[in-house]
Amino acid sequence: MTLLVSAAEPSCYSRFVNEWFCWQYVDDRRGQIIDALLEHVAITVAALLLGVLLAFPLALLARRHTRLESMVLGFSAGLYTIPSLALLPLLVPFTGLAPATVVIGLGLYALTILVRALLDGLRSVPDDVREAARGLGYGRARMLTRIELPLALPVAMAGLRVAAVSTIALTTVGTLVSYGGLGDLISHGVQRDFRAELMTAAVLCVVLALLLDVVLVVVQRVLTPWTQGAR
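Here the structure is a predicted model, which is why all the values come from computation and not from measurement.

### Regarding the overall build of the chain
Step number 1: Along the chain, the regular secondary structure elements total eleven helices and zero strands.
Step number 2: Since a compact globule built from 231 residues should have a radius of gyration of about 17 Å, the 23 Å found for the chain marks it as more spread out than a globular shape.
Step number 3: The dimensions of the chain, computed from C-alpha atoms along their principal axes, are 90 × 45 × 20 Å.
Step number 4: Counting every position in the chain, which comprises 231 residues, the buried fraction comes to 37%.
Step number 5: The long-range share in the chain, meaning contacts at least 24 apart out of those at least 6 apart in sequence, stands at 71%.
Step number 6: When the accessible surface of the chain is totalled, it reaches about 13000 Å², and 68% of it is carbon and sulfur.

As structure tokens, then:
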């Protein structure tokens, strides 16, 4: 009977074997891994969207009122100094143990990078371009959407790429409220000394960061085709 049970156990992870790299684990827990990966992607994308929606008006405010620039930048940078182990529990009374808690926390962290990137991008637009647009009758809103934002995209997208990689890493901390995506697998792997689970989740985090960076580079090239000609 013992021989039959031993024969049925996985070859690279069991009570007696605990290897770091184990494809059989990936095959056996495929559904669990995919669910964690999709949750990780959803939280990351939602947090980045929230970060952009919050950072854009803050960047406009800092550019419009230079006296408020240091306050806005200081506020966005100050948020990043709050440890994630403290920020997420502080949000729980308001949002509960839900994905929204992680999304809001990560969206606030992303402001540190995104506000500065958007502000630098808007300021990178040459003054003579703005003067030419005014001469053609462009109003403030039209100039922002048709002239300034497109020209600011290269700088803004560079900041978004950094924020994306940072957010993917920080999403794992969401395991504190049971919504950490791949972080849940990493936490479980550490607690149970389950090497295959820990390594698989860690590798997927790295791969996900690389893939998202590639996607953002492609999006930037599609949205800013004139930069390719300049190069």
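There is more to say, and it comes next.
### Quick word on a nonpolar patch on the surface
Step number 1: Taken together, V214, V215, V218, V219, V222 and L223 make up a surface patch of nonpolar side chains, about 500 Å² in accessible area.
Step number 2: Here V222 lies in helix 10 (residues 195–223).

### Quick notes on the nonpolar core
Step number 1: L48, A55, L114, V115, L160, L212 and L216 are the most contacted members of the largest nonpolar core, which totals 23 residues.
Step number 2: Excluding residues that lie within four positions of it along the chain, L216 makes contacts with M157, L160, R161 and A164.
Step number 3: L182, L185, A201 and C205 belong to the second-largest nonpolar core, a separate cluster that totals 13 residues.

### Side note on the UniProt feature "transmembrane region" (unreviewed entry) in the chain
Step number 1: As recorded in UniProt, the feature "transmembrane region" (unreviewed entry) lies at residues 41–60, 72–91, 97–119, 151–178 and 198–219.
Step number 2: Taken end to end, residues 41–60 is 100% helix and 0% strand, and its two terminal C-alpha atoms sit 29 Å from one another.
Step number 3: Between the end C-alpha atoms of residues 97–119 the distance is 34 Å, and the span holds 91% helix and 0% strand.

Calculation criteria
Numbering of residues starts from 1 in each chain and follows the order in which that chain's sequence is written. Thresholds applied to this predicted model are a pLDDT of at least 70 for local features of residues and 80 or more for the giving and counting of side-chain atom pairs; totals over whole chains, interfaces and linings are not thresholded and use all residues. Hydrogens and water are ignored here; the side-chain numbers use all heavy atoms of the structure. Each helix is a run of H or I in the DSSP string that is no shorter than four residues. Each strand is a run of E no shorter than two, and both are numbered from the N terminus. For this measure, only C-alpha atoms enter the radius of gyration; the expected value for a globule follows 2.2 Å times N^0.38, where N is the number of residues. Here's how the labels work: a residue is buried when its accessible area is under 20% of the maximum for its type, exposed when over 50%, partly exposed in between, all with a 1.4 Å probe on protein chains only. It only takes one pair of heavy atoms within 4.5 Å for two residues to be counted as in contact. Areas reported here follow the Shrake-Rupley algorithm with a probe of radius 1.4 Å; residue values treat only the protein chains shown as occluding. What makes a patch is a set of residues exposed beyond 30% relative accessible area and free of salt bridges, joined within 9 Å when like-charged and within 5 Å when nonpolar (Val, Leu, Ile, Met, Phe, Trp, Tyr). Any Lys or Arg side-chain nitrogen located within 4 Å of an Asp or Glu carboxyl oxygen qualifies as a salt bridge. Nonpolar core, defined: a set of buried Ala, Val, Leu, Ile, Met, Phe, Trp, Tyr and Cys residues in which side-chain atoms within 4.5 Å join the residues together. UniProt positions are given in the numbering used here, feature names are shortened, and annotations may be inferred rather than shown by experiment.

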